[in-house]
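# Chain and residue survey
The primary structure of each chain is shown beneath.
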Amino acid sequence: MCSSDLFTSAYGGKSQLISISQLPEGLNAMENWSNRVEGYMSTPVVINDHAYMHLKNQRFACINLKTGKEVWRTSKVFGKYWSLVAQNDRILALDEKGILYLIKANPQKFDLIDSRNVSDQETWAHLVVCGETVFVRELEGLAAFTWNSK
C-alpha cells in the first residue's frame, strides 16, 4: 500500500490535510484535520512540517502540518497577493505592489529578514527562481535579480 499527504487551503473554504492511499480496490482519501484558515491567491510553501501562507485577510501565517494548528499569524496586514518561493529555510514573497520580502521560515514567530521595492509596476505573476536568479514579471516587463542565500 502506498500513501501520500495532500495539503490544501482555499479562499472561501478551509485548510486541510488529506491522506491519499492506494488500496486494492482503488484510491482512498481521508481527511486528517481541517481548520478555518483560508489561503488567498497564492500557493503556500512547506518547510519542515510547517506550511507558511498568505491569508484571505492579508496576513501571513504558519500552520503545523502534523496537528493542523495555526502556530502564529501576523498582526500586520500585507498586500492583497503574495507569490511565495522557498530555498532551504528562506522564503521570498512578492506582493502585487512590487515589494519583495525575505522571511526566515521560523515556526516560533514571523521572522522578516528584509524587504525592498523591486518594481514600480504591478507584479501579479508568480516569482520564478532558476539557480541563484530570481525573475519578477512586472506589468510591462521582466526583471532579474541574484538571490544569494549565504
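Provided above is the structure to which this section pertains.
Here's a quick rundown of the structure. Position numbers for residues count from 1 along each chain, tracking the sequence in the order it is written. With pLDDT at 70 or above as the cut-off, local features in this predicted model cover only qualifying residues; side-chain atom pairs require 80 or more to be listed or tallied, and sums for whole chains, interfaces and linings still use all residues. Side-chain measures were taken over the full set of non-hydrogen atoms in the model, leaving aside hydrogen atoms and water.

### Considerations on the sheet that holds strand E9 (residues 90–95)
Taken in spatial order, the 4 strands of this open sheet run E8-E9-E10-E11, and their pairing is antiparallel. The open sheet has two free edges, formed respectively by strand E8 (82–87) and strand E11 (111–117), since each of these has just one partner strand. Averaged over all adjacent pairs, the angle separating strand axes in this sheet is 20°, with direction ignored. Two elements, E8 and E9, share 6 bridges in a ladder whose sense is antiparallel. Bridged to leucine 84 within E9 is alanine 93. Strand pairing follows a simple DSSP-based rule, namely that at least 2 bridges must link the two strands. Here a strand is any run of E in DSSP of at least two residues, a helix any run of H or I of at least four, and the numbering for each starts at the N terminus. Here, axes are lines fitted to C-alpha atoms. For helices the fit covers the stretch in contact, and angles between N-to-C directions go from 0 to 180 degrees.

### Brief notes about the environment of proline 107
Within the secondary structure, proline 107 is located in the loop between strand E10 (99–104) and E11. Each residue's exposure class comes from its accessible area (1.4 Å probe, protein chains only) as a fraction of the maximum for that residue type: buried when under 20%, exposed when over 50%, partly exposed otherwise. By relative accessible area, proline 107 is classed as partly exposed at 25%. Note on definitions: a residue-residue contact is assigned when non-hydrogen atoms from the two residues lie within 4.5 Å. Setting aside its immediate chain neighbours within four residues, proline 107 contacts His50, Tyr52, Cys62, Val71 and Trp72.

### A closer look at the environment of leucine 94
Tracing the backbone through its elements, the reader meets leucine 94 in strand E9. Sequence separation between leucine 94 and isoleucine 113 is 19 residues, and the spatial gap between their C-alpha atoms is 14 Å.

### A closer look at the side chain of asparagine 106
Topologically, asparagine 106 is positioned in the loop between E10 and E11. Residue class for asparagine 106 comes out buried when judged on its relative accessible area of 14%. Once residues within four sequence positions are removed from consideration, asparagine 106 is found in contact with Tyr52, Trp72 and Asp111.

### What to know about the sheet that holds strand E13 (residues 133–138)
Within a beta sheet, neighbouring strands are joined by backbone hydrogen bonds and run either parallel or antiparallel to one another. The strand order E12-E13-E14 describes an open sheet built from 3 strands, whose pairing is antiparallel. Where the open sheet ends on each side, the last strands, each with one partner, are strand E12 (128–130) and strand E14 (141–146). Direction aside, the axes of adjacent strands within the sheet are offset by 25° on average. Where E12 meets E13, 3 bridges bridge the pair, whose relative direction is antiparallel. Counterpart to valine 128 in the pairing with E13 is phenylalanine 135.

### Details of unusual backbone geometry
With a phi angle near 65°, aspartate 49 is a residue other than glycine that sits in the positive phi range. Within the secondary structure layout, aspartate 49 lies in the loop between strand E4 (45–47) and strand E5 (50–54). Residue classification places aspartate 49 among the partly exposed residues on the basis of a relative accessible area of 40%. Here asparagine 88, not a glycine, exhibits a phi torsion of approximately 55°, which is positive. Position of asparagine 88 among the secondary structure elements: in the loop between E8 and E9.

### Here we look at the pairing of E9
Burial of E9 is extensive: 5 of the 6 residues sit out of reach of the surface. Sheet analysis places E9 next to E10, joined by 5 bridges and oriented antiparallel. Residue pairing for E10: alanine 93 is matched across the bridge by tyrosine 101. Linking E9 back to E10 in an antiparallel pair, the connection comprises 3 residues, with glycine 98 at a positive phi of about 90°.

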